[in-house]
Amino acid sequence: MITTRWKDNEAEDFNKIVELLATTPADEINKESTTYANWSIVKVFDANEQIKLNGKNIDFNFFKYKYDQISPGDQPEEDRTVKNEGVVIPYYNGVTVNYIINRNSDAQKILRKMLNYSGRNEIEKNMFSLDNDFFIWLINKVYTNENVIEAYNEDLHSITLDAIKGFKGNTEDLLTKVSANGESVMNIISTLSFFLESRNLHQITLDLGYYDHQNIKLVLTNKGKNGTISTYEEQYQGLFEDDQDKNTILPKLMLLVYLEIIPILVQAYHSDLENGVWSEEENINFLKKVAEELSEKVQKRVESLQK
């Protein structure tokens, strides 16, 4: 599920926010612009749930929504209607209210409609800055088998980067797999050629383990201001599967990703930068290492064919 996170600059009462989200938005009637109508809002938890993450008690709830997006025009309405559905996870960390929603470019608009907000700057994007260098740092960690990322405080746990499943860039969209268990010749070739041809990585897919969470799949995307974080409930394996109410798995998983896993990775990246463990020079050394291993494997292959 592709998601973004947004911070509420106006909310002071989390219970009031939950009430607002549970209220069905009024249909719009406007023949000159896009109409949002036929809303359906389902509040999954009667009472707010709580989970402790990153040393804080987090209050949260879970909403499922549906609506029709109707474009202006002279065609029959059914030909101009797109049906949308998704989820919103509002949470309160003791200081601010945030929303995790499975929308990106129109997320702010949808949240404003659901909350019946009409002013400016009530909701602003609250995403991590995950750039090209961060993605290469992750790949390097797995490739060099330094794939255990230590947590930065005692409330958290270490992360094990099990595999990089794929990455995409601006020049060529090549997919490969770089695993902590070793690389095939084809994997090394595609990895090296990708780095040489691509000016900028904008997406990376990885599998990781975290404490009692044996498998979490993440897809991190950075496209300017439109970065997203994706994870997949159906591929998750871990502690949350033991919950009697299976509706809690997705919101707990998303909160875990946003409030512990990504912060640990970002903190470790900046720590490596500040301590000189990762730098432009180390980036170059990484590329050289891949090139050298590629050359060695190709040479061995040629020699085996000549025997």
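Everything below is about the structure printed above this text.
The structure presented is a predicted model; accordingly, all values stated were derived computationally and were not measured. (Residues numbered from 1 in each chain as written. Predicted model: local features only at pLDDT ≥ 70, side-chain atom pairs only at ≥ 80, totals over all residues. Heavy atoms only, no water.)

> Would you take a moment to explain the pairing of strand E14 (residues 228-231) for this structure?
When a strand is regular, its side chains alternate between the sheet's two faces. Judged by which residues are buried, E14 turns out to be covered on both faces: Thr 228 and Ser 230 on one side and Ile 229 and Thr 231 on the other are all buried. Examined bridge by bridge, strand E1 (residues 2-8) and E14 share 2 bridges and lie antiparallel to one another. Looking at E14, one finds that Thr 3 is bridged to Ile 229. For strand E13 (residues 213-221) and E14, the ladder comprises 4 bridges, and the chain directions are antiparallel. Looking at E14, one finds that Leu 220 is bridged to Ile 229. (Buried < 20%, exposed > 50% of the residue type's maximum accessible area, 1.4 Å probe, protein only. Helix = DSSP H or I, 4+ residues; strand = E, 2+ residues; numbered from the N terminus. Pairing = 2+ DSSP bridges.)

> How should I be thinking about the pairing of E13 in this particular structure?
Summarising burial for E13: 8 of the 9 residues are buried, a large majority. Two elements, strand E12 (residues 201-210) and E13, share 7 bridges in a ladder whose sense is antiparallel. Bridged to Gln 203 within E13 is Thr 221. Alignment of E13 against strand E15 (residues 237-238), held across 2 bridges, turns out to be antiparallel. Counted as the bridge partner of His 213 is Gly 238 from E15.

> Looking at this structure, how should I read the environment of Ala 22?
Relative to the helices and strands, Ala 22 resides in helix H1 (residues 14-22). Between the alpha carbons of Ala 22 and Ser 40 there is a distance of 9.6 Å; along the sequence they are 18 residues apart.

> Help me understand a negative patch on the surface, please; the structure alone is not making it clear to me.
Together, Glu 10, Glu 12, Asp 13 and Glu 19 make up a region of like negative charge exposed at the surface. Along the chain, Glu 19 falls in helix H1. (Patch = residues over 30% accessible without salt bridge, like charges linked within 9 Å, V, L, I, M, F, W, Y side chains within 5 Å. Areas by Shrake-Rupley, 256 points an atom, 1.4 Å probe, with all protein chains shown as cover. Salt bridge = Lys/Arg side-chain N within 4 Å of Asp/Glu carboxyl O. Lys, Arg positive; Asp, Glu negative; His and termini not counted. Charge placed at Lys NZ, Arg CZ, Asp CG, Glu CD.)

> What's the story with the environment of Tyr 236 in this structure? I'm lost.
Structurally, Tyr 236 can be placed in the loop between E14 and E15. A C-alpha to C-alpha distance of 7.0 Å links Tyr 236 and Lys 217, two positions 19 residues apart in sequence. Residues within four places of Tyr 236 in sequence aside, it is in contact with His 213, Asn 215, Ile 216, Glu 241, Ile 249 and Leu 253. Within the structure, Tyr 236 has its side chain in polar contact with the backbone nitrogen of Phe 240 (distance 3.0 Å). (Contact = heavy atoms within 4.5 Å. Polar contact = N/O pair within 3.5 Å; in protein donor to acceptor, adjacent residues only side chain to side chain.)

> Explain the nonpolar core to me, please; I cannot follow it from the model alone.
Soluble globular proteins: nonpolar side chains tend toward being buried together. Ranked by size, the top nonpolar core spans 55 residues in total, and within it Leu 218, Leu 220 and Ile 261 carry the most contacts. Per-element accounting of this core gives the leading share, 16 residues, to helix H5 (residues 249-274). Non-local contacts of Leu 220, meaning those with residues more than four positions away in its chain, are made with Leu 130, Phe 134, Phe 135, Leu 138, His 202, Gln 203, Ile 204, Leu 206, Thr 228, Ile 229 and Ile 262. Grouped together as the second largest cluster of nonpolar side chains are 23 residues, Ile 17, Leu 111, Leu 115 and Ile 123 included. (Core = buried A, V, L, I, M, F, W, Y, C linked by side-chain atoms within 4.5 Å.)

> Would you mind showing me how to read unusual backbone geometry here?
Glycine aside, negative phi is the norm for most residues, and most peptide bonds take the trans geometry. Even without glycine at this site, Asn 38 takes up a positive phi of about 55 degrees. Within the secondary structure, Asn 38 sits in strand E2 (residues 35-43). Unusually for a residue other than glycine, Tyr 211 sits at a positive phi of about 55 degrees. With respect to the element layout, Tyr 211 can be found in the loop between E12 and E13.

> Where do I start with the pattern of salt bridges in this structure?
By the definition in use, this model includes 8 salt bridges. For the salt bridge of Lys 7 with Glu 124, the shortest nitrogen-to-oxygen distance reads 3.2 Å. Of the two residues, Lys 7 sits in strand E1 while Glu 124 sits in strand E8 (residues 123-125), which places them 117 residues apart along the sequence. What makes Lys 7 partly exposed here is its relative accessible area of 25%. Taking relative accessible area as the criterion, Glu 124 reaches 35% and is therefore assigned partly exposed. For Asp 106, the salt bridge identified is with Arg 103, shortest N-O distance 2.8 Å. Note on accessibility: Asp 106 and Arg 103 belong to one class, buried.

> Looking at this structure, I do not really get the packing of aromatic side chains. What am I missing?
Two aromatic rings, taken as a pair, are described by how far apart their centres are and by the angle between their planes. Evaluation of the coordinates by the stated rule reveals 12 aromatic pairs. Over the aromatic face of Tyr 232 sits the side chain of Lys 217, whose NZ or CZ is 5.1 Å from the ring centroid. (Phe/Tyr/Trp six-rings, centres within 6.5 Å; stacked < 30°, edge-to-face > 60°. Lys NZ or Arg CZ within 6 Å of the ring centre and 35° of its normal.)

> Sorry if this is basic, but what is going on with helix H3 (residues 132-143) here?
Because an α-helix packs 3.6 residues into every turn, residues spaced three or four apart end up facing the same way. With 12 residues, H3 extends 17 Å from end C-alpha to end C-alpha; this agrees with the ideal 16 Å at 1.5 Å per step. For H3, the buried fraction is high: 10 of the 12 residues fall into the buried class. Every buried residue of H3 is accounted for by Phe 134, Phe 135, Ile 136, Trp 137, Leu 138, Ile 139, Asn 140, Lys 141, Val 142 and Tyr 143. Of the residues one or two after H3, Asn 145 is the one with positive phi, at around 65 degrees. (Expected span 1.5 Å × (residues − 1).)

> What is the right way to look at the environment of Gln 203 in this model?
Residue position: Gln 203 is located in strand E12. When the C-alpha positions of Gln 203 and Ile 229 are compared, they lie 9.8 Å apart, and in sequence the two are 26 residues distant. Those residues in contact with Gln 203 that lie beyond four places of it in its chain are Phe 135, Gly 166, Phe 167, Lys 168, Val 219, Leu 220 and Thr 221. There is a polar contact of 3.2 Å between the side chain of Gln 203 and the side chain of Thr 221.

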